[in-house]
Structure formats: structure tokens, C-alpha cells
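Reading the structure
So you can see what is in the structure, the chains are spelled out below.
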Protein chains: 2
Amino acid sequence: MRYLEDLHVGDGFTSDSYTVTEQEIVAFASQYDPQPFHLDQAQAEASIFRGLAASGWHTAGITMRLLVQSELRPAGGVVGMGLDEMRWPRPVRPGDTLHVVSDVLEIRPSESRPDSGVVKVRSTTLNQRGQTVQVMVSNLLVPRRP
Amino acid sequence: MRYLEDLHVGDGFTSDSYTVTEQEIVAFASQYDPQPFHLDQAQAEASIFRGLAASGWHTAGITMRLLVQSELRPAGGVVGMGLDEMRWPRPVRPGDTLHVVSDVLEIRPSESRPDSGVVKVRSTTLNQRGQTVQVMVSNLLVPRRP
């Protein structure tokens, strides 16, 4: 577990990997992003994605899971206040294996919580070919050492 | 179905509503954000959230579902290239009923796709008390009328 004092600008963290199946892509999309290009192979071929693609929110969820399980481990949990940026430059396909590389961009005091700081982290999600499928810059609330 | 020419800066769209259950909060978190404050009532009480709270990614997924089903209906689907901003100012609790209010902030040509434009939309997710639980500014790719 890391407190604010244990984190430094430039620190890097890598995650395990996660393979996403067609079944999971369709199940996620059915509930949270019910659009043809996330649900049906044939209709996806005719769409801008030219084949079945995971919802960007699914990619974000997988990224979160990998971050939570990574060596980052802030005391108090991975508590995101929000994002400064999110991009999905390339689709995630059935069978893709994703991993996340994160680095600390900035650390500042929290204005609302004197017992904590805000750690700005860039997390890049890559597929098995090393291609970037998501870039996210998030602001995490991390407690100071008591 | 709306083409780029049918959308204008200042246009507003509202969604239906969606009630989130404790069971769904725990199920989503188990798969994509497995942290105690999203999984277990007692541990959540002792956390920064002071009670069980939905993962922000779950709120984002519900927001996406509501957007897809809303009157926005861009031709070609709701295709997000990314976000300029995302904030979760207040937790989502079991039993909360959410809806989304969106407005068009900006419309510009797509640099990479001459047949489309980029529509910047702010989507605010509110609970049944009218409190904001999420603010998202997204960039959607919308085709021009053929």
C-alpha cells in the first residue's frame, strides 16, 4: 500500500494482462452500450469499426480492473475524482489481450482534503501487438501517511 | 436519425431514467472495479465513500446506455472518439434513479474523415434529487448527410 509520500512524479507501474472474449464484448454492450457494432458480427462489418469492437467503456472497465490489481495500490484504494483526457485511438477486438502502463505525471495537495493529495496518472492500455487502444489521464485521491 | 447537418450548437437532449440496484453495483464492480467500497456494505461504511457506492465506470456505462437510447440518435451510432473531461462529484448509491441531460457545445469538421464532423457534447448525469453525479464532455463522430 502506498501513501502520497511514497509516490513520485515519473514513477511507472505496469499491470497484468487480460484477454477479452467475443462473449464478454457482447455481454457488456448488451447492458451498457447496445449498438450493432458492439453486438453483432455482420452488422459490425458494415459499420465504421469494420468488425466487432468492444465498447470504449468496456475497455475502460478492463483498464480499471487491471489498475486495481496492479502494483500501484494506493492506500484507501484507487479513488478517481475524474479524468482530464480519454482517447480510444483503435478498436479492441475479440481475443485481444490488453495490459496497462501507467506513469505519475503530477502530484499536488488536495484543496478539499488536507489529509490527501491528488495524483495525476496517465494510463495507456495496449493490445498484444503493442498498439495503443486507450489513453486515459486520471486524477486519483491518495491519502498522506497518517 | 440525425446527420451532422441536423445538429446545432446549443441543442439539448434528455434521456429516460435508470434505477441502479445494489446487486448490479456489486456485479459490475466484481468484474471491473473490485474494491471494497463498491463490493461490501460494511467495508464501504469505513471508506471515503461512507457507504456502498457504484464504480464511476458503472455510472459511465449507465450514462452511455441512456445516451444510446436517447433522442440524440446520430446516424451511424453514438461513436465516441474520446473525452475532454470526466468528473464524478458525488457517489451513486443503491436505489438511485439516474437520467442524463446533454447539450451540444461545439461542431467542427473531422480532420481525418471528410465525410463526418466532430460534435462535442456535455452530458450531465443526475440522480433523483437533481444532484449531479457525473459530468462528461465527449467528442462524437457524426457523418454528414450523404
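As shown above, the structure is provided for reference.
Computed from a predicted structure; not experimentally measured.

1. Re the pairing of strand β3 (residues 97-109) of chain B
Residue and element names in this part refer to chain B. Across six bridges, the pairing between strand β1 (residues 12-19) and β3 is antiparallel. Across the sheet, S17 pairs through a bridge with H99, a residue of β3. Bridge analysis of β3 against strand β4 (residues 116-126) gives ten bridges, and the strand direction is antiparallel. Bridge assignment links E106 to a residue of β4, and that residue is K120.

2. Observations concerning the relation of the copies chain B and chain A
Superposition of chain B onto chain A requires a rotation of 180° combined with a translation of 0.0 Å along the rotation axis, giving an RMSD of 0.0 Å. Viewed as a symmetry operation, the transformation between the two copies matches a two-fold axis. Looking at chain B, 100% of its interface residues are interface residues in chain A too, so the copies touch through the same face.

3. Quick notes on helix α1 (residues 22-32) of chain B
Those residues of α1 of chain B that fall on the buried side of the exposure criterion are I25, F28, A29 and Y32 of chain B. End-on view of α1 of chain B: buried residues confined to an arc of 95°, all on one side of the axis. Exposed and oriented more than 90 degrees from the buried face of α1 of chain B are Q23 and S30 of chain B. On its buried side, α1 of chain B packs onto α4 (56-68) of chain A together with α2 (36-39) and α4 (56-68) of chain B.

4. Brief notes about the interface of chain B and chain A
The partner chain A presents 25 residues to the 25 residues of chain B that form the contact. Elements with a contribution of two residues or more to the side of chain B that touches chain A: α4 and β2 (80-87) of chain B. Of the residues contributing to the side of chain B that touches chain A, the split by class is 15 nonpolar, seven polar and three charged. Sheet topology places strand β2 (residues 80-87) of chain A next to β2 of chain B; four bridges connect them, and they run antiparallel. Directly across from R87 of chain A, in β2 of chain B, lies its bridge partner G82 of chain B.

5. Comments concerning the pairing of β4 of chain B
Linking two consecutive strands that pair antiparallel, namely β3 of chain B and β4 of chain B, is a turn of six residues. In textbook terms, the turn of a hairpin is the stretch between consecutive antiparallel strands, and for β4 of chain B and strand β5 (residues 132-143) of chain B this stretch comprises five residues, one of which, G130 of chain B, has a positive phi near 80°.

What counts, and where the lines are drawn
Residues numbered from 1 in each chain as written. Chains lettered and ligands numbered in written order. Predicted model: local features only at pLDDT ≥ 70, side-chain atom pairs only at ≥ 80, totals over all residues. Pairing = 2+ DSSP bridges. Helix = DSSP H or I, 4+ residues; strand = E, 2+ residues; numbered from the N terminus. Least-squares fit on C-alpha atoms with pLDDT ≥ 70 in both. Contact = placed C-beta atoms within 7 Å. Buried ≥ 20, exposed ≤ 12 C-beta atoms within 10 Å, placed from the backbone. Arc of directions from axis to C-beta. Nonpolar A, V, L, I, M, F, W, Y, C, P; charged D, E, K, R; others polar.

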